[in-house]
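Listed here are the chains, written in short residue letters.
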Amino acid sequence: MGRRVLVVDDEKIIVKGIKFGLEQDAMEVDTAYDGEEAVNLAKQNSYDLIVLDLMLPKIDGLEVCQQIREFSMVPIIMLTAKGEDMDKIMGLEYGADDYMTKPFNILELKARIKAIMRRQSVQTQSAEATQGTGKQMEAGELKIDCDSRRVFIQEEEVNLTAKEFDLLELLINNPNKVFSRENLLNIVWGYDYPGDVRTVDVHVRRLREKIEPNPSEPKYIHTKWGVGYYFQSK
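Residues numbered from 1 in each chain as written. Predicted model: local features only at pLDDT ≥ 70, side-chain atom pairs only at ≥ 80, totals over all residues. Heavy atoms only, no water.

- The name an unreviewed UniProt entry assigns to the chain is Stage 0 sporulation protein A homolog, from the organism Natranaerovirga pectinivora.
- Heading Function (unreviewed entry) of the UniProt record for the chain holds this comment: "May play the central regulatory role in sporulation. It may be an element of the effector pathway responsible for the activation of sporulation genes in response to nutritional stress. Spo0A may act in concert with spo0H (a sigma factor) to control the expression of some genes that are critical to the sporulation process." (UniProt positions renumbered as here; feature names shortened; annotations may be inferred.)

What follows is the structure, given as structure tokens:
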């Protein structure tokens, strides 16, 4: 079956170009031209990926991303017309998996989409291969179900993005092992990911806000200053 993608941008010529490029690769493409329409489509349909512009009518891209994250972990690539780092960081803060700055090369966008989908496919196959093993990990009040990719704190589910889960799963599977930010970027995001290590810092901060009793004094994910991050098992 072909992959299904939602493209959201108020510039119709950009939407048309992305739609044409993805359909050339046998993907099914839905389109939206404002934030409100994007959220409604994401609620009504199941997508493999969303390409989301930052500047949108009615609801901006950051708010759209935040609203979608309340009910879906679908990968999101954020598009921003500005080259400022803060826009990229804010996109990641609100739950985007990747970002691209306009103007962009459609071939690069397609390459990033395919890279994300490949990783999603590998994760799905891995989950199916281990299904029924009931692999769960616990640390204090934190419990991770690797099969269903769900996380619980005191039996209450915590809503993590795909990358936040991948990061937590890697760290908890390697207790007390310090990973450099470069290592985490390569393992979790892939060697072909063009972003920098600030992506890791943003995701660690978001993860701490979701799972730590006190994010400023972490119980689980610790920083080894000048080296990287590690999960403390005790």
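### What about the nonpolar core?
Phase 1: Membership of the largest hydrophobic core comes to 28 residues, with the highest contact counts inside it found for Leu142, Leu168, Ile221 and Phe231.
Phase 2: Looking at this core, the elements that each hand over two or more residues are β6 (136-139), β7 (142-145), β8 (150-153), α6 (162-173), α7 (181-189), α8 (198-211) and β12 (228-231).
Phase 3: When residues in this core are grouped by element, the largest group, six residues, is from α6.
Phase 4: Those residues in contact with Phe231, other than ones at most four positions away along the chain, are Ala139, Leu142, Leu168, Leu171, Ile172, Pro175, Asn176, Tyr220 and Ile221.
Phase 5: Core analysis: the next-biggest nonpolar cluster, separate from the first, contains 25 residues, Val39, Ala42, Ile50 and Val74 among them. (Core = buried A, V, L, I, M, F, W, Y, C linked by side-chain atoms within 4.5 Å. Buried < 20%, exposed > 50% of the residue type's maximum accessible area, 1.4 Å probe, protein only. Helix = DSSP H or I, 4+ residues; strand = E, 2+ residues; numbered from the N terminus. Contact = heavy atoms within 4.5 Å.)

### Some thoughts on the packing of α7 against α8
Phase 1: Closest axis-to-axis distance for the α7/α8 pair is 9 Å, and the angle between their directions is 85°. Viewed along their axes, α7 and α8 adopt a mutual orientation that is roughly perpendicular. Of α8, the residues touching α7 (which contributes Arg181, Leu184, Leu185 and Trp189) are Arg198, Thr199, Val200, Asp201 and His203.
Phase 2: Tallied by class, the residues present in the contact of α7 with α8 amount to four nonpolar, two polar and three charged. (Axes fitted to C-alpha atoms, helices over the stretch in contact; angles between N-to-C directions. Parallel < 35°, antiparallel > 145°, perpendicular 65-115°, else oblique. Nonpolar A, V, L, I, M, F, W, Y, C, P; charged D, E, K, R; others polar.)

### Some words on the sheet that holds strand β2 (residues 28-32)
What holds strands together in a sheet is hydrogen bonding between their backbones, with the strands either parallel or antiparallel.
Phase 1: Read from one edge to the other, the open sheet built from five strands follows the order β2-β1-β3-β4-β5, with strand pairing classed as parallel. Whereas interior strands pair on both sides, the edge strands pair on one side only; in this sheet they are β2 and β5 (98-101). With direction set aside, neighbouring strand axes in the sheet form an average angle of 20°.
Phase 2: As paired strands, strand β4 (residues 76-80) and β5 are joined by four bridges and run parallel to one another. Pairing of Met78 across the sheet is with Tyr99, part of β5.
Phase 3: Sitting on the sheet, helix α1 (residues 12-23) is in contact with β1 (4-8), β2, β3 (49-53) and β4, with an inclination near 170° to β2.
Phase 4: Packed onto the sheet, helix α2 (residues 35-44) meets β1, β2 and β3 and runs at close to 140° relative to β2. (Pairing = 2+ DSSP bridges.)

### Details of the packing of aromatic side chains
Phase 1: In the structure shown here, the tally under the stated rule is one aromatic pair.
Phase 2: Here Tyr220 and Phe231 contribute two aromatic rings whose centre-to-centre distance is 5.8 Å and whose plane-to-plane angle is 15°, an arrangement assigned as stacked. Remark: Phe231 occurs in strand β12 and Tyr220 occurs in the loop between α8 and β11 (221-224); sequence separation between them is eleven residues.
Phase 3: Look at Phe231 and you get buried, because its relative accessible area is 2%.
Phase 4: Looking at Lys12, its charged tip hangs above the ring of Tyr33, at a distance of 5.3 Å from the centre.
Phase 5: Here Lys143 stacks its cationic end above the ring of Phe152, 5.6 Å away from the centre of that ring. (Phe/Tyr/Trp six-rings, centres within 6.5 Å; stacked < 30°, edge-to-face > 60°. Lys NZ or Arg CZ within 6 Å of the ring centre and 35° of its normal.)

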